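Architecture at a glance
Chain by chain, the residues:
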Amino acid sequence: MISIPHKTKQFLVLLIKLLIVGGAFYFIYDQLANNDKLDWQKFIILFQKNQSVSGIAFILFLSVLNRFFEILKWQNLVGFIHKISLGDATKQVLAALTAGLFTPNGVGEYAGKALFFEKSETKKVIFLNLICNGIQMILTVIFGIFGLLYFNAQYNVITTKTVMILFGICFLVFGILFSLKKLTIKGFSIEKLIHKINEIPKPIHQKNIFLAICRFLVFSHQYYFLFLAFDVDLSYLTAIATITSVYFLASSLPTFQFLDFAIKGSVAVYFFGLLGVNEWIVIFITTLMWFLNVVLPVVIGSYYVLNFKTRNPI
């Protein structure tokens, strides 16, 4: 194994930190400055018309609450290995979010969190992060399916026959996976995965599910309240069903974190367009959601990245 001099190692670590933070800020600037669909003049006019200190504070509070539930989820799951403080959980979540900003589907987030732990715990940390993100995805799918069914019942986007076919395909896929749960590929199988999940105490799983539900309710309602702030007049159930549908379909597509709002924006424009909502309003709200729930945490996470001291040897 090649031995890297201490000074060289320090330089490489600093270079990686600067690349992560610099890359994150470049992608954020690029998406906000060069998006020709964002009409800032319209936004400023509407903002001045509806500006409210209490309203702005409430929306910002929901962003803090959204990320806070994610931090609590991580602190709860890591407790399976050893207890960590809320401060450490905050540092790990925000630094990992920054590291995963420009990696496909936030893969860098897994490596980012693992670096805060001993090398011997890397596999466990990656697995726990998979559980952390997995439950959020499952809830997005569940709420999204119900949202799609409600939306479709109101606006008949697809036929009943197509809905039945889609459900049939889902049941078929689950049936095949269940029947092949003992099939092992390179040492991995569904049965082994289920066994590993069951090794985690039930109270940890229960708390993880509860916090994930809280987080989903927070960011979906933040989306809803932003529509209200932009004078969009939709019934509560229709708006929430559309929002859950957008999150479900957008989350099904492979993407980068820094392009997340563009993917969600495209899906949202289609669905809210069917409801008669102006395209620029949908794009602005989606961009604001991205700014409040990704960009601001990344700015804070950049501080933790720059002050990170590596545990695992390079």
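Residues numbered from 1 in each chain as written. Predicted model: local features only at pLDDT ≥ 70, side-chain atom pairs only at ≥ 80, totals over all residues. Heavy atoms only, no water.

Time to look at the overall build of the protein. On a plain count of helices and strands, the protein comes out with 12 helices and zero strands. Per-residue burial for the protein yields a buried fraction of 42% across its 314 residues. When contacts within the protein are restricted to residue pairs at least 6 apart in sequence, those whose partners lie at least 24 apart make up 76%. Accessible surface computed for the protein: about 17800 Å², of which carbon and sulfur atoms make up 70%. (Helix = DSSP H or I, 4+ residues; strand = E, 2+ residues; numbered from the N terminus. Buried < 20%, exposed > 50% of the residue type's maximum accessible area, 1.4 Å probe, protein only. Contact = heavy atoms within 4.5 Å. Areas by Shrake-Rupley, 256 points an atom, 1.4 Å probe, with all protein chains shown as cover.)

Quick look at the nonpolar core now. As a rule of thumb, nonpolar side chains are buried together in soluble globular proteins. Judged by nonpolar contacts, the single largest core of 31 residues is most densely connected at Tyr223, Phe227, Phe230, Phe272 and Val277. Sorting the residues of this core by element identifies helix H9 (202–229), helix H10 (236–251), helix H11 (260–274) and helix H12 (279–306) as the ones contributing at least two each. When neighbours within four sequence positions are excluded, phenylalanine 272 is seen to be in contact with Phe227, Leu234, Ala239, Thr242, Ile243, Val246, Val277 and Val282. Within the second largest apolar cluster, 20 residues are counted, among which are Ile71, Ile200, Val305 and Phe308. (Core = buried A, V, L, I, M, F, W, Y, C linked by side-chain atoms within 4.5 Å.)

What follows deals with helix H5 (residues 107–114). The buried fraction of H5 is high, at six of eight residues. Every buried residue of H5 is listed here: Gly108, Glu109, Tyr110, Gly112, Lys113 and Ala114. Buried residues in H5 make contact with helix H3 (53–78), helix H4 (86–99) and helix H6 (122–155).

A word on the UniProt feature "transmembrane region" (unreviewed entry) in the protein. Under the present numbering, the feature "transmembrane region" (unreviewed entry) in UniProt falls on residues 12–29, 49–69, 126–151, 163–180, 209–228, 234–251, 258–275 and 281–306. The span residues 126–151 shows a helical share of 100% and a strand share of 0%, and its end C-alpha atoms are spaced 36 Å apart. (UniProt positions renumbered as here; feature names shortened; annotations may be inferred.)

To continue, consider the side chain of arginine 67. Structurally, arginine 67 can be placed in helix H3. Buried charge arginine 67 goes without a salt bridge, the closest partner of opposite sign being glutamate 70 at 5.4 Å. Beyond its immediate sequence surroundings of up to four residues, arginine 67 is in contact with Val93, Leu94, Leu97, Arg215, Asn293 and Pro297. (Lys, Arg positive; Asp, Glu negative; His and termini not counted. Salt bridge = Lys/Arg side-chain N within 4 Å of Asp/Glu carboxyl O.)

A few words now on the packing of H3 against H9. Between H3 and H9, the least distance of the axes is 9 Å, while the angle of their chain directions is 165 degrees. On the basis of their axis angle, the class for H3 and H9 is roughly antiparallel. Here the hand of the crossing between H3 and H9 comes out left-handed. Looking at side-chain class alone, the contact of H3 with H9 contains 15 nonpolar, five polar and five charged residues. (Axes fitted to C-alpha atoms, helices over the stretch in contact; angles between N-to-C directions. Parallel < 35°, antiparallel > 145°, perpendicular 65-115°, else oblique. Left-handed = near helix turned anticlockwise from the far one by under 90°. Nonpolar A, V, L, I, M, F, W, Y, C, P; charged D, E, K, R; others polar.)

Quick look at the pattern of salt bridges now. Overall, the coordinates contain four salt bridges when judged by the stated rule. Measuring nitrogen to oxygen at the nearest pair gives 3.3 Å for the salt bridge that ties glutamate 70 to lysine 73. Residue glutamate 70 and its partner lysine 73 are both found in helix H3; the two are separated by three residues, about one turn of the helix. Glutamate 70 sits in the buried class, given a relative accessible area of 4%. Taking the shortest distance from any N to any O, the salt bridge between lysine 113 and glutamate 109 comes out at 3.3 Å. Of this pair, lysine 113 and glutamate 109 both sit in helix H5, four residues apart, which is roughly one turn of the helix. Assessed through its relative accessible area of 0%, lysine 113 is described here as buried. Residue glutamate 109 is classed as buried on the basis of its relative accessible area, which comes to 11%.

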